[in-house]
Amino acid sequence: MNKPKRQSTRLVHAGNHPELHHGVMNTPTYRTSTVLFPTVASMKEGSKKRFDTFYYGRYGTPTTMALEEAVADLEGGYRSVSVSSGLSAIVSSLLSFLKCGDHLLMVDAAYDPTRNLCKGFLAKYGIETTFYDPLIGKDIENLISDSTKVIFTESPCSQTFEIQDIPAIAQVAHQHNIKVIMDNTWSAGYFFKPFDHGVDISIQAATKYISGHADVMIGIVTTNTSQDWEIVKRTSSYLGYCVGGDDAYLTSRGIRTLEVRLERHQDNAIRLAKWFKKRPEVKAVLHPAFEDCPGHEIWKRDFSGASGLFGVVLNRFEDERISHMIDGMELFGIGFSWGAFESLMIPTYPSKIRSIGDWNTDQKYIRIHAGQEDPDDLIADLENGFERLNGKA
Ligand SMILES: *Cc1c(COP(=O)(O)O)cnc(C)c1O
């Protein structure tokens, strides 16, 4: 009895407390601003515990707490803080551990808005950013100064899918008392367990796989210690970040099927990636499960699988041809926020967001999200697409 349950089981049950809700299995949607107190004395008492009880809607409700409990369990951390988007999770975690005069090491292939945040916003408040090569590993030590307080990682990287050596980076960081923050959205916390690899703070754009149905904007920060949780919760409260009851409810509902969805995304993505690899129009497939992806060996060591998002480098084609191909896709939508059931395809331009290394500006990239459709239908759609790419349709 009471043996720790396996991940599949915990995904189904974590955060649910029917005993607190008249036996209702899913924690209901609490929509509230006002929480009433029986007496002035209890109101004053509540103020001291406003992060742990129910005090005012912005600080949390039973619906958001149930979600946070389930995500903390998924990520393997101490406790989570839910906020209004993936980007607010990034803002909140960075502002939690940085102040004016501090130095941030930011991975060069970060999600584009994360990069913009450093250059456009953090810089304005006196926080200096140095971008580093995603494959730097332990050599990150050379970039550390006395004022470095945070190393931000994202693995695999946005658009180019390099896998970072998080344990090597974390080991160096901790020798210098530096916090390691990771954007763990790609793995959804399912294929990569950040706290087993030295991460201090893990963020999820739960907008993507965790909610999983392209109908919610939500972000979640998970910490490994109670001290860090306090800091992140306090920062998020200063900033006024909070999550509506309906969004928290939908995200908890998404978690229950995360495993079956991700396994399907994984299988479909690998099927599609293999198809791309065989095509003469394709120069490279950027997918961590394939040997030629930079960091593949680290992926094999640290990850238990791969989700549905990957990149394709095309041989030289005019932009118009590529647009013609994408415009005509029947099953692949043109849009952002991957992580839901549908397949997506967009052109990407890594050279525009990279400052380290030699970026061939002529190279043509597309990004694929493999949805949950039948893979043979997706491949038939791709075959027609490549006819258009080749000017035959
Ligand atoms: C989408 C995304 C975000 C931002 O999430 P939003 O909920 O859209 O703000 C952050 N990081 C990564 C890797 C993402 O793909």
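Quick caveat, the model's predicted, so the values are computed rather than measured.

Trainee: How would you summarise the overall build of the chain if you had to cite specific residues and measurements?
Mentor: Secondary structure assignment for the chain yields 12 helices and 11 strands. Computed over its C-alpha atoms, the radius of gyration of the chain comes to 22 Å, within 12% of the 21 Å expected for a compact globule of 393 residues. Counting only C-alpha atoms and orienting by the principal axes, one finds that the chain spans roughly 75 × 50 × 40 Å. Scored against the burial criterion, the 393 residues of the chain give a buried share of 54%. Look at the contacts in the chain between residues 6 or more apart in sequence, and 74% of them connect residues 24 or more apart. When the accessible surface of the chain is split by element, carbon and sulfur atoms take 52% of a total near 17500 Å².

Trainee: Now, about the environment of Leu135: what can you tell me, with residues and values included?
Mentor: Tracing the backbone shows Leu135 in the loop between strand E3 (128-132) and strand E4 (148-154). Note: C-alpha distance between Leu135 and Arg354 (219 residues apart in sequence) is 13 Å. Excluding residues that lie within four positions of it along the chain, Leu135 makes contacts with Glu162, Ile163, Pro294 and Gly295.

Trainee: Tell me about the packing of aromatic side chains, residues and numbers included.
Mentor: Within this structure, the stated rule accounts for 14 aromatic pairs. The interplanar angle of 50 degrees and the centroid separation of 4.9 Å between the aromatic rings of Phe121 and Tyr125 together place this pair among those described as tilted. According to the relative accessible area criterion, Phe121 is partly exposed, its value standing at 32%. The partly exposed category is assigned to Tyr125, whose relative accessible area is 44%. Their ring planes at 65 degrees and their centres at 5.4 Å tell us that Tyr209 and Trp338 sit as a pair that is edge-to-face. Taken together, the positions of Tyr209 in the loop between strand E6 (201-205) and strand E7 (219-223) and Trp338 in the loop between helix H11 (319-327) and strand E10 (344-348) put the pair 129 residues apart, joining distant regions of the chain. The same class applies to Tyr209 and to Trp338, which are both buried. Aromatic ring contacts, followed pair by pair, group Phe37, Phe51, Tyr55, Tyr56, Tyr59 and Trp229 into a single cluster.

Trainee: Now, about the site of the ligand: what can you tell me, with residues and values included?
Mentor: Taken together, 13 residues lie around the ligand, and Gly86, Leu87, Asp183, Thr207 and Lys208 are the ones closest in. Thr207 is positioned such that a nitrogen or oxygen atom in its side chain is 2.5 Å from an oxygen atom of the ligand. Burial of the ligand by the protein chains amounts to 91% of its free accessible area of 380 Å². Per-element accounting of the shell around the ligand gives the leading share, 3 residues, to helix H4 (residues 86-97). Counted by class, the shell around the ligand contains 6 nonpolar, 4 polar and 3 charged residues.

Trainee: Help me get a handle on the pairing of strand E5 (residues 179-183), residues and values and all.
Mentor: Of all 5 residues in E5, 4 are buried, a share of seventy percent or more. In the sheet, E4 pairs with E5 via 5 bridges, with the strands oriented parallel. For Thr153, the partnering residue across the bridge sits in E5 and is Met182. Viewed along the sheet, the connection from E4 through helix H6 (residues 166-175) into E5 turns out right-handed. Sheet analysis places E5 next to E6, joined by 3 bridges and oriented parallel. Looking at E6, one finds that Asp183 is bridged to Ile203.

Thresholds applied
- Residues numbered from 1 in each chain as written.
- Predicted model: local features only at pLDDT ≥ 70, side-chain atom pairs only at ≥ 80, totals over all residues.
- Heavy atoms only, no water.
- Helix = DSSP H or I, 4+ residues; strand = E, 2+ residues; numbered from the N terminus.
- Rg over C-alpha atoms; globule rule 2.2 N^0.38 Å.
- Buried < 20%, exposed > 50% of the residue type's maximum accessible area, 1.4 Å probe, protein only.
- Contact = heavy atoms within 4.5 Å.
- Areas by Shrake-Rupley, 256 points an atom, 1.4 Å probe, with all protein chains shown as cover.
- Phe/Tyr/Trp six-rings, centres within 6.5 Å; stacked < 30°, edge-to-face > 60°.
- Near = heavy atom within 4 Å.
- Polar contact = N/O pair within 3.5 Å; in protein donor to acceptor, adjacent residues only side chain to side chain.
- Nonpolar A, V, L, I, M, F, W, Y, C, P; charged D, E, K, R; others polar.
- Pairing = 2+ DSSP bridges.
- Right-handed = clockwise from strand over helix to strand, strands pointing away.

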